[in-house]
Amino acid sequence: MHCHPSSPRSRQGGAALILAMLIFAVCAALIVAMKSDFERVYQRGGNIFVAEQSRAYLRGAEGLATLALLADWDADKQRGDDARDTLDEIWAREEVPYPLDEGGWLSGRLEDLQGRFNLNHLSGQAEQGEGKPQYTAAQAQFVRLLLAVTDEQLGESEAIAITQSIGDWLDADSQPRFDGAEDDYYAGLTPAYRASNRSMLSVTELRAVKGMSPELYQAIEPWVTVWPLQPGPLNIHTAPAMVLRSLGADDSLRPLSETDALSLVAHRCETGFSDVADFLSHPALADSKDRMTATQGLLGEQTDYFLLRARVEVAGTNQRLYSVLERKNRQVSVLGRATDGRIFLPETERVETCETL
């Protein structure tokens, strides 16, 4: 056999074919990379558009809430009843999802922040007395609330220590109260930090206070607030049954029974209370009425601070907005906003209305 070497022309054809395939592979790789980058940019632009659209709807919910609060203000003025805010008014209507033109929905509801216990009340300190320890009306109320939310599984001494620690967190001095905690305690933690020594700006500050476990925080969080920063009275017409359990005689730390608290709410739904005196005359509180002088000073009938919980779904994406609204002299101001990624409300955040009882 004889081997014949390939001709120069056939060798050039093979090289050209390999070069063409190499160019095609490079072009294909570039096209795939460009397509991936384009899709990523397109998706990012779409997400930004949906997020901005959702925020616009949520700000619209703020506008609707403002209109509801102003309409209630005008209605109260027309009736000459500007000293009461109750759960049968326009601002307290049940949450109803509204369909959006391009799909999705928007919903929101207003809650009375003065229907909760204001943590900033705990900055005060009782005068030292002989024998039995002395507590302010607000301190005693919060101890009862702690016992109520834990079904009294939390010991009274533990509840008192947590209450005192919150007082130390709020007051301006660095001197720890009995059973309280100041910088010397928090400096020994990892990581170390210092007591705030000012009014709380967020309920979440509770998580940093001595004795507040994650489980206890989850239990107490729906029933407390920090608004207004200069504490106002508790609205007897809107406070839920759990918060009403924190009421009691000035000389007792025992919470009101669940049955008695529910009877107060039921009476409020059926006939309502004409004023604070009528509220204290209810059979659930009648036995303690004469010993609730200090506690009575914490009660009121009007609300200036509200929490808006708004939710929107656009293009299958859920967003939330929490807005603190202040109504004063027929003006509504937004004091703070917060958002999160939660889709479902925890059961403890259920609004208590006459229809749900």
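Our subject is the structure listed above.
Residues numbered from 1 in each chain as written. Predicted model: local features only at pLDDT ≥ 70, side-chain atom pairs only at ≥ 80, totals over all residues. Heavy atoms only, no water.

S.K.: Which residues make up the overall build of the protein, and what values do they have?
M.R.: Helix and strand content of the protein: ten helices and nine strands. Put simply, the protein has 357 residues, and 41% of those count as buried. Total accessible area computed for the protein in this model is approximately 19900 Å², and 56% of it derives from carbon and sulfur atoms. (Helix = DSSP H or I, 4+ residues; strand = E, 2+ residues; numbered from the N terminus. Buried < 20%, exposed > 50% of the residue type's maximum accessible area, 1.4 Å probe, protein only. Areas by Shrake-Rupley, 256 points an atom, 1.4 Å probe, with all protein chains shown as cover.)

S.K.: So what's going on with the sheet that holds strand 1 (residues 98-99)? Which residues, and what values?
M.R.: Spatially, 1-2-7-8-9 is the arrangement adopted by the five strands of the open sheet, whose pairing is antiparallel. Pairing within the sheet leaves two strands with one partner each, and these edge strands are strand 1 and strand 9 (331-338). Across two bridges, strand 1 lies against strand 2 (residues 105-112) in antiparallel orientation. From the neighbouring strand, Tyr 98 faces strand 2, where its bridge partner is Leu 106. (Pairing = 2+ DSSP bridges.)

S.K.: I'd love a proper account of the nonpolar core, names of residues and values included.
M.R.: By size, the foremost hydrophobic cluster in this structure holds 60 residues, and its most contacted members are Phe 142, Leu 206 and Phe 279. Residue contacts for Phe 142: discarding those within four places in its chain leaves Phe 117, Leu 119, Leu 122, Thr 163, Ile 166, Ile 220 and Val 224. (Core = buried A, V, L, I, M, F, W, Y, C linked by side-chain atoms within 4.5 Å. Contact = heavy atoms within 4.5 Å.)

S.K.: Quick rundown of the pattern of salt bridges? Include the residues and the values.
M.R.: Tallied over the entire structure, the rule returns 19 salt bridges. Within this structure, Glu 95, Arg 109, Glu 111, Arg 116, Arg 309 and Arg 311 form a network of salt bridges that share partners. (Salt bridge = Lys/Arg side-chain N within 4 Å of Asp/Glu carboxyl O.)

S.K.: Go over the side chain of Glu 326, please, and point to the residues and values.
M.R.: Looking at the secondary structure, you find Glu 326 in strand 8 (residues 317-328). For Glu 326, which is buried and forms no salt bridge, the nearest opposite charge comes from Lys 328, at a distance of 5.0 Å. A polar side-chain atom of Glu 326 sits 3.1 Å from a polar atom in the side chain of Tyr 305. In this view, Glu 326 contacts Asp 304, Tyr 305, Gln 331, Val 332, Ser 333 and Leu 335; residues no more than four positions away in its chain are not counted. (Lys, Arg positive; Asp, Glu negative; His and termini not counted. Polar contact = N/O pair within 3.5 Å; in protein donor to acceptor, adjacent residues only side chain to side chain.)

S.K.: Which residues make up unusual backbone geometry, and what values do they have?
M.R.: That bond from Thr 190 to Pro 191 is cis: its omega, 0°, falls within 30 degrees of zero. If you trace the backbone, Pro 191 turns up in the loop between helix 4 (183-186) and helix 5 (214-220). Going from Trp 227 to Pro 228, the amide bond is cis rather than trans, its omega being -5°. Mapped onto the secondary structure, Pro 228 falls in the loop between strand 4 (224-225) and strand 5 (234-235). Phi angles above zero are rare outside glycine, and Asp 179 is one such case at about 75°.

S.K.: Explain the pairing of strand 2 to me, using residue names and the numbers behind them.
M.R.: For strand 2, a buried count of six out of eight residues is recorded, marking the element as mostly surrounded by other parts of the structure. Pairing between strand 2 and strand 7 (residues 305-314): eight bridges, direction antiparallel. Within the sheet, the bridge partner assigned to Gly 108 lies in strand 7 and is Ala 310.

S.K.: A description of the environment of Glu 258 should follow, citing residues and the corresponding values.
M.R.: Secondary-structure assignment places Glu 258 in helix 7 (residues 258-270). Counting along the chain gives 17 residues from Glu 258 to Ala 241, while the straight-line C-alpha distance between them is 7.4 Å.

S.K.: Could you give an account of the side chain of Thr 295, with specific residues and numbers?
M.R.: Take Thr 295: it is sitting in helix 10 (residues 293-296). In this structure Thr 295 touches Ala 137, Leu 247, Gly 248 and Asp 250, once residues within four positions along its chain are discounted.

S.K.: Explain the packing of aromatic side chains to me, and be specific about the residues and the numbers.
M.R.: Applying the stated rule across the entire model yields seven aromatic pairs. Relative to Phe 306, the ring of Trp 91 lies with its centre 5.0 Å away and its plane at 70°, an arrangement referred to as edge-to-face. Taken as a pair, Trp 91 in the loop between helix 1 (8-79) and strand 1 and Phe 306 in strand 7 lie far apart in primary sequence, 215 residues in all. In this pair, the class of Trp 91 matches that of Phe 306, namely buried. Through a chain of ring-to-ring contacts, the aromatic side chains of Trp 169, Tyr 185, Tyr 186 and Tyr 193 assemble into a single cluster. (Phe/Tyr/Trp six-rings, centres within 6.5 Å; stacked < 30°, edge-to-face > 60°.)

S.K.: Quick rundown of a nonpolar patch on the surface? Include the residues and the values.
M.R.: A cluster of nonpolar residues, Leu 19, Leu 22, Ile 23, Val 26, Leu 30 and Met 34, forms a patch on the protein surface that exposes about 600 Å² of accessible area. Within the secondary structure, Leu 22 sits in helix 1. You can call Leu 22 exposed: its relative accessible area is 52%. (Patch = residues over 30% accessible without salt bridge, like charges linked within 9 Å, V, L, I, M, F, W, Y side chains within 5 Å.)

S.K.: Residue-level account of helix 2 (residues 137-149), with values.
M.R.: Each α-helix winds once per 3.6 residues, and so residues spaced three or four apart point in a common direction. A rise of 1.5 Å per residue sets the reference length of helix 2, with its 13 residues, at 18 Å; its end C-alpha atoms lie 19 Å apart and thus fit the reference within 8%. Counting buried residues in helix 2 gives 13 out of 13 residues, a clear majority hidden from the surface. Remark: Asp 151 follows helix 2 within two positions and exhibits a positive phi of approximately 55°. (Expected span 1.5 Å × (residues − 1).)

S.K.: Quick one: what's the story with the packing of helix 2 against helix 3 (residues 156-170), residue by residue and with numbers?
M.R.: With their axes 9 Å apart at the nearest point, helix 2 and helix 3 run at an angle of 130° to one another. As summarised for this structure, helix 2 and helix 3 are arranged oblique, according to the angle between their axes. Viewed along their axes, helix 2 and helix 3 form a crossing whose handedness is right-handed. Contact with helix 2, carried on its side by Gln 139, Phe 142, Val 143, Leu 146 and Leu 147, involves Glu 156, Ala 159, Ile 160, Ile 162, Thr 163, Gln 164 and Ile 166 of helix 3 and no other residues of that element. When grouped by side-chain class, the residues that make up the contact of helix 2 with helix 3 number eight nonpolar, three polar and one charged. (Axes fitted to C-alpha atoms, helices over the stretch in contact; angles between N-to-C directions. Parallel < 35°, antiparallel > 145°, perpendicular 65-115°, else oblique. Left-handed = near helix turned anticlockwise from the far one by under 90°. Nonpolar A, V, L, I, M, F, W, Y, C, P; charged D, E, K, R; others polar.)

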